[in-house]
Amino acid sequence: MDRFNAMQAFARVVETGSFTKAAETLQISKTSVTQLVQQLEARLRVKLLNRTTRKVNATADGAAYYERVIKLLADMDDAETSLSNAVVSPRGRLRVDVPSPFARMVLIPALPGFYAQYPDIQLDMGVSDRLVDLIDENVDCVVRGGELTDLSLVARRIGELSVGVYAAPSYLQKAGVPSHPSALSAPPHYIVGFKWRAGLASLYTPYHETESVSVQGRHRITVDDGNAALAAGLAGLGTILLPDYMAREHVARGELVPLFEEWHLDPMPMFIAFPPNRHVSAKLRVFIDWVIALMNERELGHKPNR
């Protein structure tokens with residue numbers, strides 16, 4: 001029995017609650033996972049898991065053993081990446097999930113620089129704005145904008161994005177240029193609705209000196225992806241609330257017009273989040289630091305008086 005593989009298989013079964021899901025994330029057969037766990041139980045002479053037709057749960061002994069196993073696996077990972085006689089830089093597979101516009105416009109174009117520093121890290125990057133189950137999908141971390149609603153995750157705030165309200169010239173020709181944010185709440189105006197992970201969020205509150213306005217606009221289209229929201233705005237389907245970095249090149253080309261420039265909106269916080277039982281390995285640490293440095297380099301952070 002390979003004790004390392006057995007412990008890894010046991011940990012994944014506990015985390016996913018399923019032999020099948022554990023096998024999928026480890027990319028081995030379900031039979032192999034079952035055999036490894038059985039061999040581990042036989043070696044320890046302890047029942048580690050309670051198995052039912054619907055769910056697999058750790059026994060009391062299994063739960064205690066799991067806590068020690070994940071620390072041991074994390075220490076082994078750190079030991080491998082800290083060897084100075086062979087590979088100095090972190091290495092291994094890192095599974096991340098990031099918003100699609102952030103991946104397309106910021107992260108992926110900068111990856112050659114990342115790999116120049118860390119050639120031995122393999123990034124498996126999911127690109128989406130959807131809700132990701134980090135345990136079931138074996139994701140090491142997610143990058144997300146907006147306030148996090150899953151309080152079970154460990155989150156590190158990595159910056160803030162300045163945001164603004166924009167519209168295409170074709171939209172403004174039809175609906176007119178709104179002189180006040182409150183105009184967006186009534187005909188003939190529409191906004192592009194965005195469905196966040198916690199539900200529909202068409203409400204935003206710009207403020208100016210001592211006045212603030214809650215804008216609850218009408219929408220003809222609602223999307224759950226940043227690139228789709230941008231496309232809808234460019235097509236003239238409504239005004240859009242966008243991080244400024246997404247709008248910058250389109251404003252320069254005359255494809256979008258910034259609105260209410262004397263007003264301000266609270267910046268969008270950006271987080272990297274990971275499960276509380278997931279060790280922050282060397283490869284994850286350098287990825288987090290690289291993302292923060294990249295945001296500063298590209299001047300994506302919040303500017304209070306934009």
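Just so it is clear, the structure is predicted and the values come from calculations on it, not from any experiment.

Thresholds applied
Residues numbered from 1 in each chain as written. Predicted model: local features only at pLDDT ≥ 70, side-chain atom pairs only at ≥ 80, totals over all residues. Heavy atoms only, no water. Axes fitted to C-alpha atoms, helices over the stretch in contact; angles between N-to-C directions. Helix = DSSP H or I, 4+ residues; strand = E, 2+ residues; numbered from the N terminus. Parallel < 35°, antiparallel > 145°, perpendicular 65-115°, else oblique. Contact = heavy atoms within 4.5 Å. Nonpolar A, V, L, I, M, F, W, Y, C, P; charged D, E, K, R; others polar. Phe/Tyr/Trp six-rings, centres within 6.5 Å; stacked < 30°, edge-to-face > 60°. Buried < 20%, exposed > 50% of the residue type's maximum accessible area, 1.4 Å probe, protein only. Lys NZ or Arg CZ within 6 Å of the ring centre and 35° of its normal. Pairing = 2+ DSSP bridges.

Peer 1: I'm lost on the packing of helix α1 (residues 3-16) against helix α3 (residues 30-44) in this one. Help?
Peer 2: Packed helices, taken two at a time, are described by their axes: the angle between them and the distance between them. With their axes 8 Å apart at the nearest point, α1 and α3 run at an angle of 110° to one another. With respect to α3, the axis of α1 lies roughly perpendicular. For the pair α1 and α3, the contacting residues are Arg-3, Asn-5, Ala-6, Met-7, Ala-9, Phe-10 and Val-13 in the first and Val-33, Leu-36, Val-37, Leu-40 and Arg-43 in the second. Grouping the amino acids of the contact of α1 with α3 by side-chain chemistry returns nine nonpolar, one polar and two charged.

Peer 1: How should I be thinking about the packing of aromatic side chains in this particular structure?
Peer 2: Each aromatic ring pair is described using two quantities: the centre-to-centre distance and the angle formed by the ring planes. Applying the stated criterion to the full structure yields seven aromatic pairs. Ring centres 5.5 Å apart and planes at 45° place the aromatic pair Phe-10 and Tyr-65 in the tilted group. Residue Phe-10 is found in helix α1, and its partner Tyr-65 is found in helix α4 (residues 60-81); the two are separated by 55 residues along the sequence. Overall, the relative accessible area of 0% leaves Phe-10 in the buried class. Three or more aromatic residues link up through ring pairs in this structure, and these residues are Phe-114, Tyr-115, Tyr-118, Phe-287 and Trp-290. A cation over an aromatic ring shows up here: Arg-218 above the ring of Tyr-190, its NZ or CZ 4.1 Å from the ring centre. Over the face of the ring belonging to Tyr-190 we find Arg-220, whose NZ or CZ atom lies 4.1 Å from the ring centre.

Peer 1: Would you mind going over the sheet that holds strand β7 (residues 163-167) with me for this structure?
Peer 2: Whenever strands of a sheet pair, they do so through backbone hydrogen bonds, lying parallel or antiparallel. Reading across the sheet, the three strands line up as β15-β7-β16 and stay open at both edges, with antiparallel pairing between neighbours. Strand pairing shows two members of the sheet lacking a second neighbour, β15 (240-243) and β16 (257-259), which therefore form its edges. Going across the sheet, the axis of each strand differs from the next one's by a mean of 50°, ignoring polarity. Summarising the sheet, β7 and β15 pair through four bridges and their orientation is antiparallel. From the neighbouring strand, Tyr-166 faces β15, where its bridge partner is Ile-240. Sitting on the sheet, helix α8 (residues 244-252) is in contact with β7, β15 and β16, with an inclination near 105° to β15.

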